[in-house]
Amino acid sequence: MMNRKIVYRFVLSVILWMCCISSYAQIKIERIEPSSWWTGMKNQNLQLLVKGRNLHGATVSTQNKEIRIASVDTTQNADYLFVNLQVSEQAKAGEYTLTFAKGGKKIVKRYLLSDRKSGSAERKSFDASDVVYLIMPDRFANGNAKNDTKKEETEKANRNDPNGRHGGDIQGIIDHLDYLKNLGITAIWVTPLLEDNQPEVSYHGYATTNYYQIDARYGTNEDYRRLADECHKRGLKLIIDFVTNHCGLSHWWMDDLPSTDWVHQFPQFTRSNFRISTINDPYASQADKKLNSDGWFDTSMPDLNQKNPYLLNYLRQAAIWWVEYAGLDGIRVDTYPYNDREKIAEWTKGIMTEYPNFKMVGECWQHSPSDIAYWQSGSKNYDQYDSGLKSVMDFCFLDQSGRAFNEDKQEWDSGMVDIYSCFACDYLYGNPLNLFVFLENHDTQRFPTVIGNDIKKYKLAYTLLLTTRGIPQVYYGFEIMMGGDKGKGDGDIRRDFPGGWPSDSRNAFTETGRTAIENEVFNYVKALLNWRKNNPVVQFGKMTQFVPENNVYVYFRYNDQKRIMVILNNQAKDQSVSTVRYSEMLTGYSQGVDVLTGKTYPLSDSIAVPAKSGLVLELK
């Protein structure tokens, strides 16, 4: 009996000792995000996500008076701490120490604060004076073949696979900045460059696996900052593409979530119903709304839960970090209406607090002006919702353009009337001049394919795009009328720019490397772009449009200094346009000068406009 008691006590003491060791196991810190920050931010609160091992119960302290630890928060996962710091107005640039202690062990981490650049808060953003060139980096140009395949990245380069990695990178963009500047581009939107370490179809970048790291196949964080610097040297603006709705399934936190509600989880895979209309539908069921916002975008894209305050703060700080680190000029927000409606507005306004003159453009893929306007700040919504977004993408213009330029009919409700009707609803928007107008992007069919590769229709459509209200957005390759075969999928509409790779058979970045048709299109849009760049009247001027007749659309852009008349003949035959109908806008003017050819047109009678062509006239 005595021996049994001794054995029992021994076993019990061992168990208690092991429990004690377990509860005071040595801590480990694997990462702190953000890894650095800045002094002089308007929001003095800074949340650090600390990832490691056995962190619950650890104390965090600092001896620096300029930063104060307001609180240390925990979740269900003992591998995480959320350290909330307050950075005082007196804080100076330098390294600060954070001491983590538990069970007799201390870990000291140095944290870098840098001085915020002078004028950072007042930075200006893109506006209607810009034309934004959209680049899918993997498919634009390969400037550094050494980073095509990286050991630490799962998917390797395979240019023969339309959905594979092709090797385009940041250096490839830098190498062609002068080309873009000479073309007349003023701003660049690059699809996501952050790490997307998915095992396949990772080239598009929309499945982020690290919010603080540029994908190694594109380059480094320093390369991205250098891209911004090189843009600014040439007067170009740089817009980051940021994804808040979802991340990649291979994100480092997916194997060890900070909390069970970090992403939306279901008993089995549940996809979004993709019904954005449920969010602003006054009659929508809560079940349908939830499915739109909480369902996963794809099996490889977990849906992030913006209602989690730590995640929302994490995403806000990550976006601000890149703006400060690289000196960025704007943010494009992917799949904006799929986020939690109230929380994404909070995220947007939190960023705008730091940058009052900044702009973010939201991808709000809906088809009617009333639906799109709902997401633009300043619109008069029935429920008083205000997203904080100054800019949204005009998908109505995209839809109507695809139809209008394929219609030769003269009925009152077809052809250019589609375009007219789109603009007639501008009263719904908070500011129509801040709308992104576009004919194609990386998710749509290439516009040449839509119009049957008709060069006349193409030039006519881009005349409209570059002279109407809003911020024109063009897609890489538009300047050579680059197409994509219908039905071949995303990989084809995101095909490689010819000449972006040293092994390419021709180089369309040069005049000699382009075909005759490509040069015709290139020269046409280049002339319009460079004219637009120097004419505030077509950037910020007022607009008056006339109901199209015989598939001919006439509108005017004007300010106190200048007046422009635009005539678009969408008919398959020549038209004689009488000037009498437009007398209210022509009074005081006797002639119009074609901005592309310099040809003068008297305004006393009628103007001859060839089939499927446009005129842009400066009135004198």
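Given the structure is predicted, the values throughout are model-derived calculations rather than measurements.

**Q** Help me get a handle on the overall build of the protein chain, residues and values and all.
**A** Each helix and strand in the protein chain was counted, giving 17 helices and 26 strands. In terms of overall dimensions, the protein chain is globule-like: its C-alpha atoms have a radius of gyration of 28 Å, near the 25 Å expected for 620 residues. Projected onto its principal axes, the C-alpha coordinates of the protein chain cover approximately 120 × 55 × 50 Å. Summarising the internal contacts of the protein chain: among those between residues at least 6 apart in sequence, 72% fall at separations of at least 24. Here the protein chain has roughly 25,800 Å² of accessible surface; of this, 50% comes from carbon and sulfur atoms. Mean positive and mean negative side-chain charge positions of the protein chain (72 and 75 charges, respectively) differ by 5 Å.

**Q** Break down the packing of helix 13 (residues 455–465) against helix 15 (residues 516–533) for me, citing the residues and quoting the values.
**A** Orientation of helix 13 relative to helix 15, taken along the N-to-C sense of each, is 15°, at an axis distance of 11 Å. In terms of orientation, helix 13 lies roughly parallel with respect to helix 15. Relative to helix 15, helix 13 is oriented so that their crossing is right-handed. Residue-level inspection shows Ile-455, Tyr-458, Lys-459, Tyr-462 and Thr-463 of helix 13 in contact with helix 15, the latter providing Ile-517, Glu-520, Val-521, Tyr-524, Val-525 and Leu-528.

**Q** Break down the sheet that holds strand 4 (residues 59–61) for me, with residues and values.
**A** What the four strands build is an open sheet, ordered 2-8-7-4; its pairing is mixed. The open sheet is flanked by strand 2 (36–39) and strand 4, the only strands paired with a single partner. Recorded for the sheet is a direction-independent mean angle of 30° between the axes of neighbouring strands. In the sheet, strand 4 pairs with strand 7 (residues 94–102) via three bridges, with the strands oriented antiparallel. Within strand 7, the position partnered with Val-60 by the bridge is Phe-100.

**Q** Lay out the state of the cysteines in plain terms, naming residues and giving numbers.
**A** Applying the stated criterion across every chain yields a total of zero disulfides. With no disulfide of its own, Cys-364 lies closest to Cys-396 among cysteine sulfurs, the gap being 14 Å. Using a relative accessible area of 0% as the deciding quantity, one classes Cys-364 as buried. The thiol of Cys-396 is not disulfide-bonded; the next cysteine sulfur, from Cys-422, is found 3.2 Å away. For Cys-396, a relative accessible area of 3% corresponds to the buried category.

**Q** I'd like to hear about the nonpolar core, residue by residue, with values.
**A** Phe-100, Tyr-133, Tyr-211, Tyr-224 and Trp-253 are the most contacted members of the largest nonpolar core, which totals 166 residues. Sort the elements by how many residues they give to this core and helix 7 (residues 309–326) lands first, with 13 residues. Counting residues in each nonpolar core, the second largest holds 18 residues, with Phe-546, Val-552, Leu-617 and Leu-619 among its members.

Rules used throughout
- Residues numbered from 1 in each chain as written.
- Predicted model: local features only at pLDDT ≥ 70, side-chain atom pairs only at ≥ 80, totals over all residues.
- Heavy atoms only, no water.
- Helix = DSSP H or I, 4+ residues; strand = E, 2+ residues; numbered from the N terminus.
- Rg over C-alpha atoms; globule rule 2.2 N^0.38 Å.
- Contact = heavy atoms within 4.5 Å.
- Areas by Shrake-Rupley, 256 points an atom, 1.4 Å probe, with all protein chains shown as cover.
- Lys, Arg positive; Asp, Glu negative; His and termini not counted.
- Charge placed at Lys NZ, Arg CZ, Asp CG, Glu CD.
- Axes fitted to C-alpha atoms, helices over the stretch in contact; angles between N-to-C directions.
- Parallel < 35°, antiparallel > 145°, perpendicular 65-115°, else oblique.
- Left-handed = near helix turned anticlockwise from the far one by under 90°.
- Pairing = 2+ DSSP bridges.
- Disulfide = S-S within 2.5 Å.
- Buried < 20%, exposed > 50% of the residue type's maximum accessible area, 1.4 Å probe, protein only.
- Core = buried A, V, L, I, M, F, W, Y, C linked by side-chain atoms within 4.5 Å.

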